[in-house]
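Architecture and fold: a report
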Amino acid sequence: MGSEVVEKSGGKASFDVGAAAELVEGLRGAFAAGRTRSYHWRQSQLQGLLKMTEEHEQEIADSLRADLSKPEFESFIYEAAMLKNSCRLALKELKRWMVPEKAKTSVTTFPSSAEILSEPLGVVLIISAWNYPYYLSLDPVVGAIAAGNAVVLKPSEVAPATSSLLAKLVGEYLDATCVRVVEGAVPETSALLEQKWDKIFYTGNGRVGRIIMAAAAKHLTPVVLELGGKSPAVVDSDTDLKVSCRRIIVGKWGCNNGQACVSPDYIITTKDYAPKLVDAFKHELEKFYGKNPLGSKDLSRIVNSNHFSRLSKLLDDDKVSGKVVHGGQRDESELRIEPTILLDVPRDSLIMEEEIFGPLLPILTVTKIEESFDIINSGTKPLAAYLFTNDKKLKEKFVTCVMAGGMVVNDTTVHLAVPTVPFGGVGESGMGAYHGKFSFDAFSHKKAVVYRSFMGDAALRYPPYTSLKLRLMRALITGRLFTILGAIFGLSSD
Amino acid sequence: MEDLEGELGAMREYHDGGNTRDASWRRAQLRGLLLLLLENQAEIFSALQQDLGKHPAEAYRDEIGSAVKSINYALHHLKGWMSNKKAKLPAVALLTTAAIIPEPLGLVLIISSWNFPIGLSIESLIGVISAGNSVVLKPSELAPTCSSFLARKMPLYLDTKAVRVIEGGPAIGEQLLLQRWDKIFFTGSTRVGRIVMTAAAKHLTPVTLELGGKCPAIVDTLSSSWDKKAAVERILGAKFSACAGQACIGIDYILVEQKFCSALVELMRVNLKTMFGENPKQSRSIARIVNRHHFQRLKSLLDDPKIRGSVVHGGFMDEDDLFIEPTILVDPPLESAIMEDEIFGPLLPIITLNKIEDSIRFLKSRPKPLSIYAFTKDESLQRRILSETSSGSVVFNDALIQYLADALPFGGVGGSGIGKYHGKFSFDEFSHQKAVAWRSFLVDFWFRFPPWNGYKLQLFQNFYEYDYIGIVLTVLGIGKQRAIHLS
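Residues numbered from 1 in each chain as written. Chains lettered and ligands numbered in written order. Predicted model: local features only at pLDDT ≥ 70, side-chain atom pairs only at ≥ 80, totals over all residues.

**Here's the deal with the nonpolar core**
What counts, and what does not: Definition of nonpolar core: a set of buried Ala, Val, Leu, Ile, Met, Phe, Trp, Tyr and Cys residues joined via C-beta atoms within 7 Å. To sort residues by burial, count the other C-beta atoms lying within 10 Å of each one's C-beta; a count of 20 or more means buried, 12 or fewer means exposed, and anything in between means partly exposed. C-beta atoms are built from the backbone. Runs of H or I in DSSP of at least four residues are treated as helices and runs of E of at least two as strands, each being numbered from the N terminus.
Grouped together as the largest cluster of nonpolar side chains are 301 residues, with contacts concentrated most on A:Val124, A:Val151, B:Val108, B:Val196 and B:Tyr373. Sort the elements by how many residues they give to this core and helix H4 (residues 72-98) of chain A lands first, with ten residues.

Quick look at the structure:
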């Protein structure tokens, strides 16, 4: 059995603290027995994840359609293919990642040798999000398994079809003594959070992030928090307008209709350039999604009515009335909102105060593009920041001055697909990073190991302490050879 | 502390103005730290003597010297640490470059401990400053002379707009923890570590917790007399001569085979005499217990007659002088405070086992310590220790020296802490690794944009699998088609 089947009798979940404790105890036993440590176990589990994704692509796409009306194209590319890539990379690199790293030792510890071992942390909990419910659930699992941990995955209940698919597939393809899925909502999550974990990896929002970290503090459990924030896109007038627009569109509406943590949240451009930018957006949007985007199969819907009414509230805010320059149509019964652009919204409007996480794109205008940097830095640090420009100086300034988890110049979201750079936030956008080797490291303890022989001890290390020993130690540490000799021969007056 | 918010606000503004970012600023501060140590040695020696009764040689070895070494190391490597790391990209990422850029986190809070009040404060400051952060240091109020030394002298050597010392006890600590920080670095106990992390969660502040735990020393039955002597010297040095056992990486207890135990104790007696003389209290070579509270705590560990009866060496205590003699116990009951809590003082229990391999099972059933020490030449035992037990670090045939190795991460795991520092690891611990990708406007695969169709999907699949031939074939319309048909 790979998943804790939540028996729903009268709407009451049976997965309580006791069940959670039992589950963790079982996994801890398997971990302590060393089951997850071998290269072969890790390899077989990664192969299992890969195979499971390959063999069920259509089912994955179907459940994503049920949960989010996600276009199949997006499902295949951003969820299935991305996960397969992670598995393949981990399978290819795992041996290298697992090799202990030699470390240099210094003269003070001579003679010795040292290395850094990557050791599994133990039993880890992964709590995932609903917007990329397949990829974001399993991508951290890849890292956790590669590093040799036992894992409990709690997929988001807001994407129920994918959650139950994950429970079913993980049970079929992975080692159920060490990798488990627990489905459920707040009560199940709370039961899990009461347990002692060796790492908690959470993807979601800052409010829950705080709860997770406070719960982790009780057991001194380290956390990775992948949160979000208002990721800005700055568009300079010296840019390739058409390409910039297209790249913003795929990063915004082409990523789950804006329900993605790295989607551009808002745009900053100059007053003069804004009309041109809006026109270009209109033109490209129509090319991509046709004249009736509410009916387009290439756009996800809003995940549920809660989020639909949250987004509606942002649009109905008095402060932004009359600011919509494109779109604005909604269909509550289908949970669909058209790609919508708002121009010159005030900075104290609701839409500029919270992460939008949907198909609304406000544009702020400034007189000089450099002002945008101060606007970004005056808020909390976003997960990503984007800049579109040909201006070399501006690029440099952006990269050094703007604080963000990651950034891309002249494109959006592509850094997420680069496994050689860490993906993660800073400040309000999160802590810790993953992807590629960084995932392996996030789930490993870096154990320092020193090997010494019994030879080569200097008496000066030990009491009784004398002033000669003090002089010698000073000389050794500062590396002054003459003082060393001087101290030994009693010549120094140091 | 009148206007803490205001003061921190000013520091944040100064930091946001980019004043701490330049390599030149960081270097100047590191040099300031170096001068602070070098120009005030006498005062530091006397402060450590006063707070903890440390001999200057011990003080130099553990606090000044090790910090000087680390500063020099940081000055030497700073440029390399600060430089951007180019990231490799697959060939399909045409006209794209990527790099990892280390960026200062912002305003950092360091809450330091009393056992190495100068050394540990400086060691963490080195990382904070190297990474270009602003910082508030709260030294421990339990080492008051050292705390006031830092508060008085640091402003003379460092940029006071970015580096501040705030003195105080738990009340001040609590007030500081209410503020928003970009990182909190804490050295101390597990109990306070939990409080720190809970407070940090409110502002989503990442934490580094340098805690402790019961660090064991596994002592194999050594045969050569040289090895035995070296091992015993190293053990005694690591237990009694580093702040009288009040050290997070000090040896807490020993695991040894029954048959080797009496020889080991005998050898320890002989060497203790060489180190501390007939009357250890008279020797200036052993530090004092930090205060009466800790003295009482240590004293009460021996209260139980069963434990008292297990003392085979030492046991003398002088409360007025806060002195506890190096004390060795053999096989105190395992379910006693001395074997359950971190001892943090000059009491050394020895637990005997039938076979030295039993030590692994013994350790596996306990919380993960900051360090495991093993004195053995048996390579298979070494391998088993490495792969079957977990701890912050492992040192074979020595103790404490891992603290001095700049190339090794120093930090705990599980109950012994979160995060790591020293050398480059300190720099990383106080930096955000910002991922940056640069793209040109020139190349965009036309299949990147909606409306979607099966043809674009096929191209993407080839693209992700770096299947260049597949891309060409698909473009030419002769590639193998996917079984999936898009609705």
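Read on for the rest.
**With respect to the UniProt feature "active site" (unreviewed entry) in chain A**
All names here are of chain A. Rule in force here: UniProt positions are given in the numbering used here, feature names are shortened, and annotations may be inferred rather than shown by experiment. By the criterion used throughout, residues are in contact when their C-beta atoms, derived from the backbone, lie within 7 Å.
Feature annotation in UniProt places "active site" (unreviewed entry) on Glu226 and Cys261, given in this structure's numbering. Across 36 residues of sequence, these annotated residues stay compact in space, with a maximum C-alpha separation of 8.9 Å. Owing to 26 C-beta atoms within 10 Å, Glu226 belongs among the buried residues under this scheme. Once you skip the residues sitting within four places of it in the chain, Glu226 turns out to touch Tyr202, Thr203, Gly424, Gly425 and Gly430. Relative to the elements of secondary structure, Cys261 occurs in the loop between helix H9 (241-252) and strand E10 (266-270). Its 30 C-beta neighbours within 10 Å are what place Cys261 among the buried residues. With near-sequence residues (within four places) excluded, Cys261 lies in contact with Gly228 and Leu383.

**Quick look at the sheet that holds strand E14 (residues 340-343) of chain A**
Formally: Strand pairing is defined by DSSP finding a minimum of two bridges between the two strands. Axes here refer to lines fitted to C-alpha atoms; in helices the fit is confined to the stretch in contact. Angles between the N-to-C directions go from 0 to 180 degrees.
Read from one edge of the open sheet, ten strands run E11(A)-E14(A)-E15(A)-E10(A)-E9(A)-E16(A)-E17(A)-E18(B)-E2(B)-E1(B), paired in mixed fashion. The open sheet terminates on both sides in strands that have one partner only, identified here as strand E11 (324-326) of chain A together with strand E1 (85-87) of chain B. Ignoring which end each strand starts from, the neighbouring axes of this sheet average 25° apart. Bridge count for E11(A) against E14(A) is two bridges, and the pairing is antiparallel. Looking at E14(A), one finds that A:His326 is bridged to A:Ile341.

**Focus on helix H10 (residues 258-276) of chain B**
Residues and elements named next belong to chain B. We apply this condition: For a helix, the expected span equals 1.5 Å multiplied by the number of residues minus one. It is the directions from the helix axis to the C-beta atoms that the arc portrays.
Under the 1.5 Å per step criterion, the end-to-end length of H10 is 27 Å for 19 residues, consistent within 8% with the ideal 27 Å. What H10 keeps buried is the set Cys261, Leu264, Met268, Leu272, Met275 and Phe276. For H10, the arc enclosing every buried residue in end-on projection is 70°, short of the 170-degree limit, so these residues lie on one face. Across H10 from its buried face, at more than 90 degrees, point the exposed residues Lys259, Val270, Lys273 and Thr274. Contacts made by the buried residues of H10 are with strand E8 (216-219), helix H9 (225-240), strand E9 (253-257), strand E10 (311-313), strand E13 (327-330) and strand E14 (347-353). Gly277 occupies a position one or two residues after H10 and carries a positive phi of about 75°.

**A look at the interface of chain B and chain A**
We count it as follows: Residues are grouped as follows: Ala, Val, Leu, Ile, Met, Phe, Trp, Tyr, Cys and Pro are nonpolar; Asp, Glu, Lys and Arg are charged; all remaining types, including Gly, are polar.
On the chain A side, the residues contacting the 88 residues of chain B number 83 residues. For the side of chain B that touches chain A, the secondary structure elements donating two or more residues are helix H4 (56-82), strand E2 (96-104), helix H8 (190-202), H9, H10, strand E16 (393-396), strand E18 (431-439) and helix H17 (454-464) of chain B. Its residues assigned to classes, the side of chain B that touches chain A comprises 46 nonpolar, 22 polar and 20 charged. The pairing of strand E17 (residues 406-409) of chain A with E18(B) spans four bridges and is classified as parallel. Paired with A:Met407 across the strands is B:Val436, a residue of E18(B).

**What about the UniProt feature "active site" (unreviewed entry) in chain B?**
Residues and elements named next belong to chain B. Here the UniProt-annotated "active site" (unreviewed entry) positions come out as Glu210 and Cys248. A stretch of 39 residues holds the annotated residues, and the largest C-alpha distance among them is 8.6 Å, short enough that they meet in one place. In this structure, Glu210 is in contact with Phe186, Thr187, Cys248, Gly411, Gly412 and Gly417, ignoring residues within four places of it in sequence. In this fold, Cys248 is placed in the loop between H9 and E9.

**Structural notes on the environment of B:Gln382**
Residues and elements named next belong to chain B. Tracing the backbone through its elements, the reader meets Gln382 in helix H15 (residues 379-388). What makes Gln382 partly exposed here is the crowd of 19 C-beta atoms within 10 Å. For the pair Gln382 and Leu442, spaced 60 residues apart in sequence, the C-alpha to C-alpha distance is 57 Å. In contact with Gln382, other than residues within four places in its own chain, are Ala374, Thr376 and Phe396.

**Quick word on the domain arrangement of chain B**
All names here are of chain B. The test is simple: Boundary definitions for the domains trace back to an automatic or database domain assignment.
With domains assigned, chain B is organised as domain 1 (4-211 + 422-434), domain 2 (216-406) and domain 3 (447-487). Summarising the inter-unit geometry, the C-alpha centres of domain 1 and domain 2 are found 31 Å apart. The element best represented in the side of domain 1 that touches domain 2 is H4, accounting for five residues. Class assignment for the residues of the side of domain 1 that touches domain 2 results in five nonpolar, seven polar and four charged.

**Observations regarding helix H5 (residues 135-146) of chain A**
Residue and element names in this part refer to chain A. Taking 1.5 Å of rise per residue, the twelve residues of H5 would be expected to cover 16 Å, and the 16 Å separating its terminal C-alpha atoms lies within 8% of that figure. Of all twelve residues making up H5, twelve are buried, and the element is well covered by its neighbours. Looking only at H5, the buried set comprises Tyr135, Leu136, Ser137, Leu138, Asp139, Pro140, Val141, Val142, Gly143, Ala144, Ile145 and Ala146.

**Here's the deal with the sheet that holds E14(B)**
In spatial order, the strands read E2(A)-E3(A)-E19(A)-E16(B)-E15(B)-E8(B)-E9(B)-E14(B)-E13(B)-E10(B); together these ten strands make up an open sheet with mixed pairing. Every other strand in the sheet has two partners, leaving strand E2 (101-103) of chain A together with E10 of chain B as the edge strands with one partner each. Strand-to-strand twist of the sheet, defined as the mean angle between neighbouring strand axes without regard to direction, takes the value 25°. Bridge analysis of strand E15 (residues 371-375) of chain B against E16(B) gives four bridges, and the strand direction is parallel. Each bridged residue has a counterpart across the sheet, and for B:Ala374 the counterpart in E16(B) is B:Phe396. Docked against the sheet, H10(B) engages E8, E9, E10, E13 and E14 of chain B, running at close to 130° with respect to E9(B).

**Points about the packing of helix H2 (residues 23-39) of chain B against helix H6 (residues 144-157) of chain B**
Residues and elements named next belong to chain B. To keep things clear, this is the line we draw: Should an angle fall under 35 degrees it is taken as roughly parallel, and over 145 as roughly antiparallel, whereas 65 to 115 is taken as roughly perpendicular and any remaining angle as oblique. Take the far helix as your reference; a near helix turned counterclockwise from it by less than a right angle gives a left-handed crossing, and one turned clockwise gives a right-handed crossing.
The interhelical angle for the contact between H2 and H6, taken along N-to-C directions, is 130°, at an axis separation of 9 Å. Compared by their axis directions, H2 and H6 come out oblique. Judged by the sense of rotation from one axis to the other, the crossing of H2 with H6 is right-handed. Contact residues: Gly32, Leu33, Leu35 and Leu36 in H2; Lys153, Met154 and Tyr157 in H6. Here the contact of H2 with H6 is composed, by residue class, of five nonpolar, one polar and one charged.

**Overview of the packing of helix H3 (residues 41-52) of chain B against H6(B)**
All names here are of chain B. The contact between H3 and H6 brings their axes to 7 Å, and the two run at 150°. If you check the angle between H3 and H6, you find them roughly antiparallel. Only Pro144, Thr145, Cys146 and Phe149 of H6 make contact with H3, whose side of the interface consists of Glu43, Ile44, Ala47, Leu48, Gln50 and Asp51. Among the residues forming the contact of H3 with H6, the class breakdown is six nonpolar, two polar and two charged.

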